[in-house]
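# Structural overview
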Amino acid sequence: QVQLVESGGGLVQAGGSLSLSCAASGRIFSRDIMGWYRQVSGKQRELVAKITFDGRQNYADSVKGRFTISRDNAKKTVNLQMNSLKPEDTAVYYCNYEFIGYSAWGQGTQVTVSS
């Protein structure tokens, strides 16, 4: 099993920046995908960004050009740098780990962007 521990998040004004970090432990596979999803109460969880073991990135259209995902394979961490934040980015952000049908989730961290 894989355990994910998130850090970062909090309250920021619109236009500001925040950084999220996620540390993975447990049975980590080499060819995995790590990413960030977010969820607003009453809505479905949605992809924000994900990155493969070899650095290929995928972003939701709503965050392209504002968010940057990165990972450190040696440290087993994935980070999300969020710039130019908007009130609509307010959500609980979840770290995700995927490997061939296996998926693990972090506990979630709240990001609140005030207008």
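Preceding this section is the structure that the text describes.
Everything numeric in this text was worked out from a predicted model, so none of it was measured. (Residues numbered from 1 in each chain as written. Predicted model: local features only at pLDDT ≥ 70, side-chain atom pairs only at ≥ 80, totals over all residues. Heavy atoms only, no water.)

### Looking at the environment of Val40
- Tracing the chain through its elements places Val40 in the loop between strand 4 (33-39) and strand 5 (46-52).
- By relative accessible area, Val40 is classed as partly exposed at 37%.
- On a C-alpha basis, the gap between Val40 and Tyr59 in space is 18 Å, while along the polypeptide they are 19 residues apart. (Helix = DSSP H or I, 4+ residues; strand = E, 2+ residues; numbered from the N terminus. Buried < 20%, exposed > 50% of the residue type's maximum accessible area, 1.4 Å probe, protein only.)

### Observations regarding the pairing of strand 11 (residues 109-114)
- Only one face of strand 11 is covered, namely the one carrying Thr109, Val111 and Val113; the face carrying Gln110, Thr112 and Ser114 has none of its residues buried.
- As defined by bridge partners, strand 2 (residues 10-13) adjoins strand 11 across 4 bridges and the pair is classed as parallel. From the neighbouring strand, Gln13 faces strand 11, where its bridge partner is Ser114. (Pairing = 2+ DSSP bridges.)

### Topic: the side chain of Asn96
- You can see Asn96 is positioned in strand 9 (residues 91-99).
- The buried category is assigned to Asn96, whose relative accessible area is 2%.
- For Asn96, the side chain forms a polar contact with the main-chain oxygen of Ala104, separated by 3.2 Å. (Polar contact = N/O pair within 3.5 Å; in protein donor to acceptor, adjacent residues only side chain to side chain.)

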